[in-house]
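So the chains spell out like this:
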Amino acid sequence: MSSSIGEKCTQIKQEYDACFNSWYSEKFLKGDATPKCDDLFFKYKECLMKTLEEKKLDTLLADARKDNPFPNSAASSASSGSSSSESSK
Amino acid sequence: MVKFYQHTSSFEHAWDNVTYAFWLRYPNPFASHVVGCDVIDRQVDPVTGVLRTTRLILKQGVLPRWGRGLIKNPDAYIIEESEVDPQTQTMVTRTKNLNHVRVMQVEETQTFTVHPENPKWTQVKTEARIISELKWGLTGRVEAFGINKFMDNSVKARKGMAHILERLRQNAALAASAPAAAAAAATPDC
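Residues numbered from 1 in each chain as written. Chains lettered and ligands numbered in written order. Predicted model: local features only at pLDDT ≥ 70, side-chain atom pairs only at ≥ 80, totals over all residues. Heavy atoms only, no water.

(A) Region of interest: unusual backbone geometry. The peptide bond linking Tyr 26 of chain B to Pro 27 of chain B adopts the cis configuration, its omega dihedral lying at -5°. Along the chain, Pro 27 of chain B turns up in the loop between helix H1 (15-24) and strand S2 (34-44). Phi is positive for Lys 56 of chain A, close to 60°, though the residue is something other than glycine. Tracing the backbone shows Lys 56 of chain A in the loop between helix H2 (38-54) and helix H3 (58-64). One non-glycine residue, Gln 89 of chain B, lies in the positive phi region at around 50°. Locating Gln 89 of chain B in the fold gives a position in the loop between strand S4 (76-85) and strand S5 (90-97). (Helix = DSSP H or I, 4+ residues; strand = E, 2+ residues; numbered from the N terminus.)

(B) The arrangement of the sheet that holds strand S7 (residues 122-131) of chain B in detail. The 7 strands are arranged S1-S7-S6-S5-S4-S3-S2 (chain B) in an open sheet whose pairing can be described as antiparallel. Each end of this open sheet is capped by a strand with a single partner; those strands are strand S1 (2-11) and S2 of chain B. The mean angle between the axes of side-by-side strands here comes to 15°, regardless of whether they run parallel or antiparallel. The sheet contact formed by S1 of chain B and S7 of chain B spans 10 bridges and is antiparallel. In the sheet register, Ser 10 of chain B faces S7 of chain B, and the bridge partner there is Gln 123 of chain B. On the sheet, helix H1 (residues 10-26) of chain A packs against S2, strand S3 (51-59) and S4 of chain B and is oriented at approximately 55° with respect to S2 of chain B. Sitting on the sheet, H2 of chain A touches S2 and S3 of chain B, and the angle it makes with S2 of chain B is about 125°. (Pairing = 2+ DSSP bridges. Axes fitted to C-alpha atoms, helices over the stretch in contact; angles between N-to-C directions. Contact = heavy atoms within 4.5 Å.)

(C) Highlighting the side chain of Glu 107 of chain B. Position of Glu 107 of chain B among the secondary structure elements: in strand S6 (residues 105-114). When neighbours within four sequence positions are excluded, Glu 107 of chain B is seen to be in contact with Arg 94, Thr 95, Lys 96, Glu 127, Ala 128 and Arg 129 of chain B.

(D) Main features of the pattern of salt bridges. Residues and elements named next belong to chain B. Within the structure shown, the criterion is met by 10 salt bridges over all chains. In this structure, Glu 83 engages Arg 52 in a salt bridge whose closest nitrogen and oxygen atoms are separated by 3.9 Å. Here the residue Glu 83 occupies a position in strand S4, and Arg 52 occupies one in strand S3, the gap between them amounting to 31 residues. Linking Glu 166 and Arg 169 is a salt bridge whose minimum nitrogen-to-oxygen distance equals 3.9 Å. Taken as a pair, Glu 166 and Arg 169 lie in helix H2 (residues 139-177) at a separation of 3 residues, close to a single helical turn. Given the relative accessible area of 42%, Arg 169 is considered partly exposed. (Salt bridge = Lys/Arg side-chain N within 4 Å of Asp/Glu carboxyl O. Buried < 20%, exposed > 50% of the residue type's maximum accessible area, 1.4 Å probe, protein only.)

(E) The state of the cysteines, seen in detail. All names here are of chain A. Enumeration according to the criterion identifies 2 disulfides over all chains in this entry. For Cys 9, the disulfide goes to Cys 47, at an S-S distance of 2.2 Å. Measuring the twist about the S-S bond at about -90°, one finds the Cys 9-Cys 47 disulfide to be left-handed. A residue pair is termed long-range when its members are at least 10 positions apart, and Cys 9 in the segment before H1 and Cys 47 in helix H2 qualify at 38 residues. Judged on exposure class, the residue Cys 9 and its partner Cys 47 are both buried. (Disulfide = S-S within 2.5 Å.)

Geometry only, nothing functional implied.
Written as structure tokens, this is what we have:
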């Protein structure tokens, strides 16, 4: 079972994972998208956000998430910073 | 400079199980370098019914000797964004590294769909882009290293998924014959 990046969050993460896994396989894939694991997720996320701040990962993550990972058009690709600016060769 | 990579493969497992295995895929014997995996955000779009997830994955890196001067800390953080549409039976995942991006940025998109020739199988289309902004003549070397490493890792990732899928299949077989034993063998995961 995989651990959280923040050691102290691993237990709550694994409780959440167990909840999500059963929801995903038994509900979501069968057409029932009613949320079931929100309480566990909020607790887990509270712990995780503290860890990300401590490790100074919060800004890195926020920057990365500015890009829309699923653009329906190519419009957003030009604004993704320098990463694609030299893609001509 | 940028290099592209494209590949289509399949799993002899149903789409439902493959997408489920995607969530369970760490840890597995082929991904010992993955030391942590967290869900940053997850929600179902109330209009489309699509499940959208953002995960953060921490990998312990191993660098070639010539790379050690470029990167002090070889740990790599990977962001993984995904969408699962149960209506169209499509899962799209997109991953990229968050740090070390000046040395190398790897962006990978995978699309999981029902196999066009066999509805009990799953087709996986992989597209990747490897970019390096390094100067001083290192880019070619970095990208050649990057693409080789990427292909090695793709093979490992595939083996990891196959391993998890086989375990799911065994659990299902066990559940049919001995439900209590199957429950005990259940493997919740990342």
